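A look at the structure
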Amino acid sequence: MQADNSPFEAAPSDTPPPDAPTVRMLSWARNSAVYRLERQMMTEKQLFDAITRKARQKFEDISQEQLKAVAEFAVKFAYDLNALNDADYAQLSTQSAVRRGKSKRAIAQKLSVKGIDRETAAVALEATDDLFAAVVFARKRGFGPFRRGELEDKRRAKELSAFARNGFGFEIGRKVFDMSLGEAESVLQKDAVT
């Protein structure tokens, strides 16, 4: 007897497609996103990469499509909680880096590596002061007005090249190099007040 095409045979199954993440995967992604964002502020790219990397370790037979879906779910969940904001991350990271003596160029490169787009980085870098950052850098390294000891040609070249290697333009490096201690301290005080 031949099997007829009954409606029971054609009924779709309630199982998710093979490339869709399981409920367990999505639950894990949500919990993992919360755990990571409670510990530190992250960019969208950082969270996506972290979830992808850990999901690959946690779930043995996870497909590429499932990995992508799980990571996207975690990112969307974080946005829905307002726990993820690349503009805020860029702003805070930039302010912190300037206080540590990092140049605009170095900060922009770091933000790019973290997955911040150029426009967001440009907005965050607008109000930065490379002169202030260069003075902080000089203070940390004992260069220019903070130098202890005599200045010889070898040291002069070392100091000026250190400014360049850390992303400061020649003019800013030279300006800080030639400052008096009082001028350098006034740059630091002026920026601390604003």
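Everything that follows concerns the structure shown earlier in this document.
The text that follows walks through the structure, step by step, so that each part is easy to find. (Residues numbered from 1 in each chain as written. Predicted model: local features only at pLDDT ≥ 70, side-chain atom pairs only at ≥ 80, totals over all residues. Heavy atoms only, no water.)

**Some remarks on helix 8 (residues 130-141)**
Given 3.6 residues per helical turn, the α-helix brings residues three or four places apart onto the same face. The end-to-end C-alpha separation of helix 8 is 16 Å, in line with the 16 Å expected for 12 residues at 1.5 Å each. Considered for burial, the residues of helix 8 that qualify are Asp130, Leu131, Phe132, Ala133, Ala134, Val135, Val136, Phe137 and Ala138. Capping of helix 8 at its N-terminal end is provided by Asp129; its side-chain oxygen lies 3.1 Å from the backbone amide nitrogen of Leu131. (Helix = DSSP H or I, 4+ residues; strand = E, 2+ residues; numbered from the N terminus. Expected span 1.5 Å × (residues − 1). Buried < 20%, exposed > 50% of the residue type's maximum accessible area, 1.4 Å probe, protein only. Polar contact = N/O pair within 3.5 Å; in protein donor to acceptor, adjacent residues only side chain to side chain.)

**Focus: the environment of Ile51**
Structurally, the position occupied by Ile51 is in helix 3 (residues 44-58). The exposure class of Ile51 is buried, given its relative accessible area of 0%. Separated by 19 residues in the primary sequence, Ile51 and Ser32 place their C-alpha atoms 7.3 Å from one another. Not counting chain neighbours up to four residues away, the residues in contact with Ile51 comprise Trp28, Ala29, Ser32, Ala33, Arg36, Val70, Ala71 and Ala74. (Contact = heavy atoms within 4.5 Å.)

**Focus on helix 7 (residues 118-125)**
Of the residues making up helix 7, those classed as buried are Thr120, Ala121, Ala124 and Leu125. Buried positions in helix 7, seen along its axis, are confined to an arc of 130° and lie on one side of it. Looking at helix 7, the residues exposed on the side facing more than 90 degrees away from the buried face are Arg118, Glu119 and Val123. Its buried side turned inward, helix 7 meets helix 5 (86-99) and helix 6 (104-113). (Arc of directions from axis to C-beta.)

**Observations regarding the pattern of salt bridges**
All chains considered together, the criterion is met by six salt bridges. Between Lys68 and Glu72 there is a salt bridge whose closest N-O contact spans 3.8 Å. Pair noted here: Lys68 and Glu72 are both in helix 4 (residues 64-80), with a separation of four residues, about one helical turn. Take Lys68: its relative accessible area is 48%, and that puts it in the partly exposed class. According to the relative accessible area criterion, Glu72 is partly exposed, its value standing at 40%. For Arg155, the salt bridge is made with Glu159, and the minimal N-O distance between the two is 3.0 Å. On the criterion of helical spacing, the pair formed by Arg155 and Glu159 is a turn pair, its members being four residues apart in helix 9 (residues 153-165). Salt bridges linked by common partners bring Arg147, Arg155 and Glu159 together as one network. (Salt bridge = Lys/Arg side-chain N within 4 Å of Asp/Glu carboxyl O.)

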